[in-house]
Amino acid sequence: MKPKTETELAEMVAGLSHPVRIAGGGTRGIGGPDATIQTTGLGDITLYEPGALTLVAQAGTPLAEIEEALKAEGQQLPFEPMDHRGLLGTVGEPTIGGVVAANISGPRRIQAGACRDLLLGVRYVDGKGQVIKNGGRVMKNVTGIDLVKLMAGSWGTLGILTEVSLKVLPKPEASATLAVQVPGAVGAVKAMSAALKSPFEVNGAAYDPQDGRAFLRIEGFSDSVSYRTDRLKSVLGEFGEIAEVTDTADLWRDLRDVKPFQGHDGDIWRISVKPGDAPDVSARLAADQLLFDWGGGLIWVRVPQGTDLRARLGAFDGHATLMRADAQTIEAMGRFQPETTAIKTLTKGLRQRFDPHGIFNPGLMG
Amino acid sequence: MDMPSPNPDILRRREAVLQQLLQVLPKDAVIHDPAETLAYECDALTAYKCPPMLAVLPETTEQVSDVLRICHAEGVPVVPRGSGTSLAGGALPTADSIILGVSRMNDVLEADYDNRFIRVQTGRTNLSVTGAMEEEDFFYAPDPSSQLACAIGGNIAMNSGGAHCLKYGVTTNNLMGVTMVMMDGSVVEIGGAHLDAGGLDLLGVICGSEGQLGVVTEATLRILRKPEDARPVLIGFDDNEVAGHCVSDIIKSGILPVAIEFMDTLCIKTCENFAKAGYPDCTALLIIEVEGSKAEIDYQLSKIVEIAKRHNPVEIRESKSAEESAKIWLGRKSAFGAVGQMNDYMCLDGTIPVSSLPEVLRRINEMSDEYGLLVGNVFHAGDGNMHPLILFDANKPGDLEKCEAFGADILRLCVDVGGCLTGEHGVGVEKRDLMSHQYAPQDLEAQMMVKDVFDPGWLLNPAKVFPLDASASRREVRLAAE
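Just so it is clear, the structure is predicted and the values come from calculations on it, not from any experiment. (Residues numbered from 1 in each chain as written. Chains lettered and ligands numbered in written order. Predicted model: local features only at pLDDT ≥ 70, side-chain atom pairs only at ≥ 80, totals over all residues.)

(A) Region of the structure containing the pairing of strand β9 (residues 187-191) of chain B. Residues and elements named next belong to chain B. Where strand β8 (residues 175-181) meets β9, five bridges bridge the pair, whose relative direction is antiparallel. Bridge assignment links V178 to a residue of β9, and that residue is I190. In textbook terms, the turn of a hairpin is the stretch between consecutive antiparallel strands, and for β8 and β9 this stretch comprises five residues, one of which, G185, has a positive phi near 95 degrees. (Pairing = 2+ DSSP bridges. Helix = DSSP H or I, 4+ residues; strand = E, 2+ residues; numbered from the N terminus.)

(B) Up close: the domain arrangement of chain B. Residues and elements named next belong to chain B. In terms of domain boundaries, chain B breaks down into domain 1 (108-225), domain 2 (229-335) and domain 3 (343-428). Its C-alpha centre places domain 1 at a distance of 29 Å from the equivalent point of domain 3. Opposite the nine residues of domain 1 that make contact, domain 3 presents ten residues. Among the residues making up the side of domain 1 that touches domain 3, the classes are represented as six nonpolar, two polar and one charged. (Domains from an automatic or database assignment. Contact = placed C-beta atoms within 7 Å. Nonpolar A, V, L, I, M, F, W, Y, C, P; charged D, E, K, R; others polar.)

(C) Representation of the interface of chain B and chain A in the model. The interface is formed by 74 residues belonging to chain B together with 69 residues belonging to chain A. Elements with a minimum of two residues in the side of chain B that touches chain A: α8 (202-206), α9 (240-252), α11 (294-309), α16 (435-438) and α17 (441-454) of chain B. Per-element tally for the side of chain B that touches chain A: the top contributor is α17 of chain B, with nine residues.

(D) Representation of α17 of chain B. With 14 residues, α17 of chain B should cover 20 Å at 1.5 Å per step; its first-to-last C-alpha distance of 20 Å lies within 8% of that length. Within α17 of chain B the residues assigned to the buried category are D443, L444, A446, Q447, M448, V450, K451, V453 and F454 of chain B. (Expected span 1.5 Å × (residues − 1). Buried ≥ 20, exposed ≤ 12 C-beta atoms within 10 Å, placed from the backbone.)

(E) Representation of the packing of α9 of chain B against α11 of chain B. Residue and element names in this part refer to chain B. Between α9 and α11, whose axes approach to 10 Å, the crossing angle comes to 140 degrees. When the axis of α9 is compared with that of α11, the two are oblique. Both α9 and α11 take part in a crossing whose hand is right-handed. On the side of α9, the interface is formed by C246, D249 and I250, while α11 contributes I304, I307 and A308. (Axes fitted to C-alpha atoms, helices over the stretch in contact; angles between N-to-C directions. Parallel < 35°, antiparallel > 145°, perpendicular 65-115°, else oblique. Left-handed = near helix turned anticlockwise from the far one by under 90°.)

(F) Up close: the sheet that holds strand β4 (residues 54-58) of chain A. Residues and elements named next belong to chain A. With respect to topology, five strands assemble into an open sheet ordered β3-β4-β8-β6-β7, the strand pairing being antiparallel. Of all the strands in the sheet, just β3 (45-49) and β7 (131-135) have a single pairing partner and so form its edges. On average, each strand axis in the sheet is inclined to that of its neighbour by 10 degrees, with strand direction left out of account. Sheet topology places strand β6 (residues 119-125) next to strand β8 (residues 160-167); six bridges connect them, and they run antiparallel.

(G) Quick look at the packing of helix α10 (residues 265-275) of chain B against helix α12 (residues 322-333) of chain B. All names here are of chain B. It is at 8 Å that the axes of α10 and α12 come closest, and there the two elements cross at 115 degrees. One element, α10, and the other, α12, form an angle in the roughly perpendicular class. Pair α10 / α12 crosses with right-handed handedness. Side by side, α10 and α12 meet where C271, E272 and A275 of the first sit next to L330, G331 and R332 of the second. Class assignment for the residues of the contact of α10 with α12 results in three nonpolar, one polar and two charged.

In structure tokens:
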């Protein structure tokens, strides 16, 4: 089902008698029932004011179209959303609704915030077929309970997004990346911490153990970038040999999309931890491959098919999401981090009220 | 502004509730003498007052839990309170409620610079969070004007902003985790030193929920390394509209200042008389601050000046030193005080799309003539968060009501141009009844459903945020159950 308007979508939901999968371009690989409501019929940018740094678009608008419109004005989505197609082997056209529903952010998340931090407002259809709005299109808004954040990262389980408004930012004039040769995860996290603790506004900090280098990115006006890059070199000197990377845009796109894992078999997990815990946590996973982003705070893990990574992880401060595996493994491990009883009570209560008939992406999040 | 009448049944049980509280709290943490509970009769919105039945000042999460468990069992409403600096009546009690103040819980629990977070108890004041990190040159970014006094707990409740949130975001963008006590006394941990939620983003719902969902006792906050330096430029214009265009052009140019502040004629004159900051005699004044190394600041300021010059400014004053910076900021930072010394005033907090600035300012001035009340405008121009100050005479019968009506008209205007009722102060009781102008009944219902989940008995901070008629059936269910 592919409604053309919000009203049509709302009527469709009100008449549903069976669960549905909610999809934009279908590139995030969530699975679910065969019956699908796809938002790609709602595909317009409804408002774009570069001088106010705001963009409002219908949920099914292709991400590429939005990025193109922003580029024409020298702006961008600051949270650098990743493209899952290469990693998950999906096809299709990513939509802005999908990005928001899954709260997809990339390397710049550590400085610019996650998708949810730049999300100013939403319109969605709830499980009863009602159109609800929350937030708006202004940067500061504390009017009532913030359902905007709740909808971001709810993976369609609370409602079907129909329109989102986002804060956008100027595209930096220049970008530079330093690569530091480090002996292992401990050294890498130390080097990245030192960079992120500096006043030089590092907005990318990733480490690829196979490559043996930690990457640190600085962006802004040209003169400022060269000044800060120079200063950062002196901060990083003690951690290893430093070189400047030239193809910085390609490098960060590949890190964002976890390119080093692409084309390899196995299950893929995504773990969010306190950066300083990353070396210990990753060491107990016996992984085939690791990739660290967010200064160590985000660990990508590739393990043999069916590995019980949750058992290897044990109790830890953070959360692990199973991003790629066969249906049986997903069923056994659960895609999302198991919740404590207290949290489960709250999230279950919210789901029952937002989607009382349990028709939106049932079972996806618990 | 109406509040529901106190429940006589609760008032009758005052003594019994007091005795139970004394069993779980130190004696000096329970305030019951009417002469002392009077201290909690209002917050910074002093137009509305009502002493609570009792006030408690717990020192630990466990004590907060004990208090809430007792109040839950007894059906007593609880009004959480940080430092009582809310401008929206967020901590205004009802006569049958208990004020739960977190002011004695003000410890720093952990400061971790390598992992860039600090964990504090929520009674700690905003400025003293940064104060605790002075030696390491770190800071906590949200900086509400009341930062010397306001508590982190209140900041979380109201999702507070400040002058510098154009670059660093508001509280919700800097909050990583909370320890929260639910109304039934149970304690939940949400988030922590890692980023983003593993499931639904409950932290995002809690931040800005105005004490409707639980009492946050501990918070993990994102901290940042201080920039090398910061300096402002002051630019005067003879026309509000032109100043608005200048703001828009600066933002479009790719510069991201940490702050863009705007003052109109009345505020410029009042601040100048008060603070002698040397402000030019003009219609609109911008103060724009940028950060970085000396060379970076020079570069950004020169770009800003270049853009400003295209708009025929009457004055441009680039700060060259810390002394000059302080002088430029002096007037702006004393704006509320300066106006307050001159007159009674009501401070509004509506936010508008930046592009609507000229139109909204023009309409406010027209309304000012219609109501016969003066209004000064000082606001965060970069993000469209306005703070119109309506002047009135509290001793003149009918003036407060006229001022309230004028304020409501301005806020409705903010909503009508695509903005919202409140950018950083919160709804509280002040804007509660205007919520129906911004939200349709089903939108409010969706928000109230969240409260149903967290606080099924509707005991936490009752009769706030949602229009009384919208929340009536839920609050009555609570009364009927008792």
